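Next come the chains, spelled out residue by residue.
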Amino acid sequence: MPSVQEKDVIRTIRRVKDPDSDKDLISLGRIKELKIRDGEVTFKVLVDPARPLSESVLKELKVIIGEMEGVEEVAISLQEHTSKAQAPAKQPAPQQPIPGVRHIIAVASGKGGVGKSTVAVNLALAIAAEGHRTGLLDADIYGPSIPTMMGLRGAQPTAVDKRIQPIARYGIALMSLGFLVQEDQPMVWRGPMVHSAVTQFLREVDWGQLDYLVVDLPPGTGDAHL
Ligand SMILES: Nc1ncnc2c1ncn2[C@@H]1O[C@H](COP(=O)(O)OP(=O)(O)O)[C@@H](O)[C@H]1O
Ligand SMILES: [Mg+2]
């Protein structure tokens, strides 16, 4: 029986592409400790816990190596990525959830009527008075009170290129869910709806460049919080 050559195994492995990057696993450096003993081929595949390699890729590897002449057994083990180089690359996204906004200050509490909106408005005005570019987002879908507090009840924001433009008032950029919903219209919001409305809102508003964005969150104790 012909003995299995390492270079042939490598060539075979190269035929399988990582669906995420369309590169083969050898080029990606994800195959480690390739060993060939008689007809037995063993190696490790490095996997990123955040983006697990699909079952079909592993199955395909096993099948095509198994079909090679002289190969009797294929043993593939998985190893989590320990590469430090890759880990930090993923972090910037969560660090800046809204492009252009450097700091987000969330004002939240479990109850309504405790002074959240009062705190949020005064905080935003105080930060703006210090000379920082400041935005204020009223995400209290149950009782958006900031338009009233800022003297902007009934104001209608415009959209430019499908992005909602905040309204400038007292030196801050203001946006409220209260601008978008009818006053006096009863609404029932469930947790997931609150979350998606607030998240969508955060992203669809054209905040521009801000040093601080103060967010007045809806009252709630659990799933609605960001
Ligand atoms: N520090 C405070 N002392 C007394 N009353 C306050 C104080 N802060 C807020 N209020 C009043 O309490 C009421 C609720 O405040 P608000 O900021 O709308 O609370 P929330 O946003 O938590 O519902 C308002 O009438 C407001 O004027
Ligand atoms: Mg409030």
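Details of the structure are given in the entry above.
Below, the structure is looked at part by part. Remember, it's a predicted structure, so these values are computed and weren't measured experimentally. (Residues numbered from 1 in each chain as written. Chains lettered and ligands numbered in written order. Predicted model: local features only at pLDDT ≥ 70, side-chain atom pairs only at ≥ 80, totals over all residues. Heavy atoms only, no water.)

### Brief notes about helix H4 (residues 116-129)
Turning to step 1, where the next piece is worked out: Here H4 contains 14 residues, and its C-alpha end-to-end distance of 20 Å stays within 8% of the 20 Å for a straight helix at 1.5 Å per residue.
Turning to step 2, where the next piece is worked out: Listing the buried residues of H4 in full gives Lys 116, Ser 117, Ala 120, Val 121, Ala 124, Ile 127 and Ala 128. For H4, the buried positions fall inside an angular range of 135 degrees around the axis, keeping them on one side.
Turning to step 3, where the next piece is worked out: For H4, the secondary structure elements touched by its buried residues are strand E6 (101-107), strand E7 (134-138), helix H5 (146-149), strand E11 (172-176) and strand E12 (210-216). (Helix = DSSP H or I, 4+ residues; strand = E, 2+ residues; numbered from the N terminus. Expected span 1.5 Å × (residues − 1). Buried < 20%, exposed > 50% of the residue type's maximum accessible area, 1.4 Å probe, protein only. Arc of directions from axis to C-beta. Contact = heavy atoms within 4.5 Å.)

### Focus: the site of ligand 1
Turning to step 1, where the next piece is worked out: The local shell around ligand 1 consists of Gly 112, Gly 113, Val 114, Gly 115, Lys 116, Ser 117 and Thr 118.
Turning to step 2, where the next piece is worked out: In this structure, an oxygen atom belonging to ligand 1 sits 2.8 Å away from a main-chain N or O atom of Gly 115.
Turning to step 3, where the next piece is worked out: Lys 116 places a polar main-chain atom, nitrogen or oxygen, 2.8 Å from an oxygen atom of ligand 1.
Turning to step 4, where the next piece is worked out: In isolation ligand 1 offers 560 Å² of accessible surface; the protein chains occlude 43% of this area.
Turning to step 5, where the next piece is worked out: Classifying every residue of the shell around ligand 1 by side-chain character gives 1 nonpolar, 5 polar and 1 charged. (Near = heavy atom within 4 Å. Polar contact = N/O pair within 3.5 Å; in protein donor to acceptor, adjacent residues only side chain to side chain. Areas by Shrake-Rupley, 256 points an atom, 1.4 Å probe, with all protein chains shown as cover. Nonpolar A, V, L, I, M, F, W, Y, C, P; charged D, E, K, R; others polar.)

### Looking at a negative patch on the surface
Turning to step 1, where the next piece is worked out: Taken together, the side chains of Asp 38, Glu 40, Glu 72 and Glu 73 define an acidic patch exposed on the protein surface.
Turning to step 2, where the next piece is worked out: Among the secondary structure elements, Glu 40 is positioned in strand E4 (residues 40-47). (Patch = residues over 30% accessible without salt bridge, like charges linked within 9 Å, V, L, I, M, F, W, Y side chains within 5 Å. Salt bridge = Lys/Arg side-chain N within 4 Å of Asp/Glu carboxyl O. Lys, Arg positive; Asp, Glu negative; His and termini not counted. Charge placed at Lys NZ, Arg CZ, Asp CG, Glu CD.)

### Here's the deal with the sheet that holds E6
Turning to step 1, where the next piece is worked out: Across the sheet, 5 strands lie side by side as E6-E12-E7-E11-E10; this open sheet has mixed pairing. The open sheet has two free edges, formed respectively by E6 and strand E10 (167-169), since each of these has just one partner strand. Each adjacent strand pair in this sheet contributes to an overall mean axis angle of 25 degrees, direction not counted.
Turning to step 2, where the next piece is worked out: Note that E7 and E11 share 4 bridges and pair parallel. Each residue of the ladder has a partner; that of Asp 138, found in E11, is Ser 176.
Turning to step 3, where the next piece is worked out: Sheet strands touched by H4: E6, E7, E11 and E12. Its angle to E12, the strand with the most contacts, is close to 170 degrees. (Pairing = 2+ DSSP bridges. Axes fitted to C-alpha atoms, helices over the stretch in contact; angles between N-to-C directions.)

### Some points on the pattern of salt bridges
Pairs can form between side chains of opposite charge once their charged atoms are near each other.
Turning to step 1, where the next piece is worked out: Taken as a whole and assessed by the stated rule, the structure comprises 8 salt bridges.
Turning to step 2, where the next piece is worked out: A salt bridge links Arg 102 to Asp 211; the shortest N-O distance between them is 3.2 Å. Residue Arg 102 is located in strand E6, and its partner Asp 211 is located in strand E12; the two are separated by 109 residues in the primary sequence.
Turning to step 3, where the next piece is worked out: Of the residues examined, Arg 102 reaches a relative accessible area of 54% and is grouped as exposed.
Turning to step 4, where the next piece is worked out: Look at Asp 211 and you get buried, because its relative accessible area is 8%.
Turning to step 5, where the next piece is worked out: Here Asp 211 and Arg 133 are joined by a salt bridge, their closest N and O atoms 2.9 Å apart.

### Regarding unusual backbone geometry
Most of the time, phi is negative for any residue but glycine, and the peptide bond is trans.
Turning to step 1, where the next piece is worked out: A positive phi angle is found at Asp 38, which is not glycine, with a value near 50 degrees.
Turning to step 2, where the next piece is worked out: Following the sequence through the fold, Asp 38 ends up in the loop between strand E3 (31-37) and E4.
Turning to step 3, where the next piece is worked out: Its relative accessible area of 69% is what places Asp 38 among the exposed residues.
Turning to step 4, where the next piece is worked out: Phi at Asp 161 is positive, roughly 50 degrees, even though this residue is not glycine.
Turning to step 5, where the next piece is worked out: Following the sequence through the fold, Asp 161 ends up in the loop between strand E8 (159-160) and strand E9 (163-164).
Turning to step 6, where the next piece is worked out: For Asp 161, a relative accessible area of 71% puts it in the exposed group.

Spatial relationships are all this shows, so hold off on functional conclusions.
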